[in-house]
Amino acid sequence: MSESLESILSFLNTNQHNIVNETITSIKFKVDTVVNEIDSSDVANLQNIENLTFSFEYDGNITGAKSIEEFKNLFGNDTNYLKVIKLVSITVNVKKSCLNTNNKFENFYFFSSYTHFKEKFGNVYKKFDWKKSGKKIYIFCFSMDEEMEYQNDFIHLLLFDKFSIISEKDIRLEALKKFNVFKERNENKTVNSLFNYPLTWIDSEGKSPIFFMNHSLNLFFESVSIEAFDTNRVLIKGYKNIYFEKNLIEGIDGEIKEGVIFTFKLLTFLIDEDKFYDKLLIIRNNITLYLNTNSSIKDYLEKAKEIYKTVTHNFDLYIQNEIKVFLEQKNALLHEFISVSKQLGEIINDLTAQLRNVGASLLGTIFIGLVSDFNTEFSIPGINLILLSYSIFFIINFGITFSHSKQFKNTKSLLENYTRTIAVNNEELSYKNLEEQYLKEPSINFNCIVSSTRFFLICLIIIFLGCYISINFGIFTCITDAIKFLLNPSIS
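Residues numbered from 1 in each chain as written. Predicted model: local features only at pLDDT ≥ 70, side-chain atom pairs only at ≥ 80, totals over all residues. Heavy atoms only, no water.

### Points about the overall build of the protein
And step 1. Within the protein, the regular secondary structure consists of 13 helices and 13 strands.
And step 2. Sequence separation of 24 or more characterises 70% of the internal contacts of the protein that already satisfy a separation of 6 or more.
And step 3. For the protein, the accessible surface area stands at approximately 26300 Å², while carbon and sulfur atoms represent 53% of it. (Helix = DSSP H or I, 4+ residues; strand = E, 2+ residues; numbered from the N terminus. Contact = heavy atoms within 4.5 Å. Areas by Shrake-Rupley, 256 points an atom, 1.4 Å probe, with all protein chains shown as cover.)

The structure is reproduced here in structure tokens:
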């Protein structure tokens, strides 16, 4: 420990009764001494220490002196002040940051006494500045009038004597993750920092100081409330509306300790990335079921254990019902997907039958007879009639393939909308997953067959229309020449 720090602590030890003001960042002392005894006063040992400031009130006036030497110089030569037996009031302002040697703790707070901290917590000190949200907050008290050292995942409250023997610790990642979930999902946005997070101040064993308990319990009710009517009352809506009075508990007994333990369990139960809002609704309903229209912390603590048991029981029933609904949804969707898969199979069969009909028509004896010799046996009008008839037939079939495609897409689209309606926010029963399992193969088969059919029909349309144009207009004669050659190579 440095000499300057020892001097400050020694001064604090002997001058606690001279504290005139203490804030979260500084302590102000007012020490009276006779002018000619100023060199032997406690203040003399504090000269030339950083983060300390001084002011001197003498003879009813504030002097401009900033140090003992400057004050003594006000009396003339070096020894004149020794003749003065009047009182001087010296104000010493100590910045608490100087007590955090080498900035050992990033979240550091110091208080002159545990009693002072307890009295001011939640009133004057509305919130602490968590400079590093991932680090614990360390609250040191110079003196404690009762044996009290407390710590949980977020805070450590202890005597300053232990400053040198403890090390800074991180907040557990799991605890920090829970805080972030609670902060993101907190409906009324009362939890915007670790200071306003109920679990910052209590633990699972109910060992926290009573003023921490009060703060946590009030934060808990703010978190589950719908809105705050004023600083001391909130509204919770469930089976009925209750107006909760945020008063204080004054002493810890077995019932209060148990109530705090079950509040910790309720909060831990509530923090859930997926089911937070469902659990919050169950908690609200059960709190309003057990409490009267106007209730207090004491009323709640008496029922906390029963509330917790009922909440967890109701949630188990909720999960069981959800599983039942899930299975019903799953069976309904699987039935629909299997049914649609069959419908897609029927569409594919229709396309296949259409392709067979087109192929069979090409094998007809009329076409074979017609193309055997374009210059004999049949008249040109008759050939034109047949060629145009077939062309129209193939064009109609080509158009029908688009009807099949539209039917195919509409069927899948209706199924997708149905799936989204039935299985909202259920990844396992999502359309994407079920489509992969039940519709992938039929879709591939359909696309393959419809593409083949269209290609085949386009080829036939080109051939037949090409023959018609070649015969009547002498254009594209290569088509008729090719057909003649294929049917009777000896002609060439």
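Further notes follow.
### As for the nonpolar core
And step 1. Counting residues in each nonpolar core, the largest one holds 63 residues, and the members touching the most others are Phe117, Phe128, Ile287 and Tyr300.
And step 2. With near-sequence residues (within four places) excluded, Tyr300 lies in contact with Leu217, Phe220, Phe221, Thr263, Leu266, Leu291 and Ile307.
And step 3. Grouped together as the second largest cluster of nonpolar side chains are 39 residues, Ile49, Tyr138, Phe160 and Ile166 included. (Core = buried A, V, L, I, M, F, W, Y, C linked by side-chain atoms within 4.5 Å. Buried < 20%, exposed > 50% of the residue type's maximum accessible area, 1.4 Å probe, protein only.)

### Remarks on the pattern of salt bridges
And step 1. Enumeration over the complete set of coordinates arrives at 14 salt bridges.
And step 2. Taking the shortest distance from any N to any O, the salt bridge between Glu57 and Lys30 comes out at 3.6 Å. Placement of the pair is Glu57 in strand 3 (residues 52-58) and Lys30 in strand 2 (residues 26-34), with a sequence separation of 27 residues.
And step 3. According to the relative accessible area criterion, Lys30 is partly exposed, its value standing at 34%. (Salt bridge = Lys/Arg side-chain N within 4 Å of Asp/Glu carboxyl O.)

### Overview of empty space enclosed by the protein
And step 1. Evaluated as defined, the whole model comprises 1 cavity of 30 Å³ or more.
And step 2. There is about 40 Å³ of room inside the largest cavity.
And step 3. Along its surface, the largest cavity is lined by Ile8, Leu12, Ile27, Phe29, Val94, Leu99 and Phe110.
And step 4. Breaking the lining of the largest cavity down by element, the ones donating at least two residues are helix 1 (3-14) and strand 2.
And step 5. Of the residues that constitute the lining of the largest cavity, the class distribution is 7 nonpolar, no polar and no charged. (1 Å grid on protein atoms, 1.4 Å probe; cavity = no way out; pocket = protein on both sides within 12 Å on 5 of 7 lines; lining within 4 Å. Points joined across faces, edges and corners; volume = space filled by probe spheres on them. Nonpolar A, V, L, I, M, F, W, Y, C, P; charged D, E, K, R; others polar.)

### Some remarks on the sheet that holds strand 7 (residues 137-141)
And step 1. The sheet built from 4 strands is open, its strands ordered 6-7-9-8 with mixed pairing. Both edges of this open sheet fall to strand 6 (108-111) and strand 8 (150-151), since each of them pairs with a single strand only.
And step 2. Relative to strand 9 (residues 155-159), strand 7 runs parallel, the two sharing 5 bridges. If you follow Cys141 over to strand 9, its bridge partner there is Leu159. (Pairing = 2+ DSSP bridges.)

### Quick look at the sheet that holds strand 4 (residues 61-62)
And step 1. The strand order across the open sheet built from 5 strands is 1-2-5-3-4, with neighbouring strands paired in antiparallel fashion. The two strands at the open ends of the sheet, each matched to only one other strand, are strand 1 (19-22) and strand 4.
And step 2. Pairing of strand 1 with strand 2, which is carried by 3 bridges, proceeds in the antiparallel orientation. Residue pairing for strand 2: Asn21 is matched across the bridge by Lys28.
And step 3. Sitting on the sheet, helix 1 is in contact with strand 1, strand 2, strand 3 and strand 5 (87-95), with an inclination near 70° to strand 2. (Axes fitted to C-alpha atoms, helices over the stretch in contact; angles between N-to-C directions.)

### Overview of the pairing of strand 5
And step 1. Of all the 9 residues making up strand 5, 7 are buried; the element is thus mostly covered by neighbouring parts of the structure.
And step 2. Direction of pairing for strand 3 relative to strand 5: antiparallel, over a ladder of 7 bridges. By the bridge assignment, Tyr58 is partnered in strand 5 with Val88.

### Some remarks on the packing of aromatic side chains
And step 1. Scanning the entire structure with this criterion turns up 38 aromatic pairs.
And step 2. A ring pair is formed by Phe182 and Tyr197, whose centres lie 5.6 Å apart and whose planes are at 65°; its orientation type is edge-to-face. Here the residue Phe182 occupies a position in helix 4 (residues 173-185), and Tyr197 occupies one in the loop between helix 4 and helix 5 (210-224), the gap between them amounting to 15 residues.
And step 3. Under the relative-accessibility criterion, Tyr197 is labelled buried at 1%.
And step 4. Here the aromatic rings of Phe221 and Tyr300 are separated by 4.9 Å at their centres, their planes lie at 90°, and the arrangement is edge-to-face. Taken as a pair, Phe221 in helix 5 and Tyr300 in helix 8 (residues 297-362) lie far apart in primary sequence, 79 residues in all. (Phe/Tyr/Trp six-rings, centres within 6.5 Å; stacked < 30°, edge-to-face > 60°.)

### With respect to the environment of Lys303
And step 1. Counting through the fold element by element, Lys303 comes out in helix 8.
And step 2. Sequence separation between Lys303 and Phe262 is 41 residues, and the spatial gap between their C-alpha atoms is 9.7 Å.
And step 3. Setting aside residues no more than four positions away along its own chain, Lys303 makes contact with Tyr290 and Leu291.

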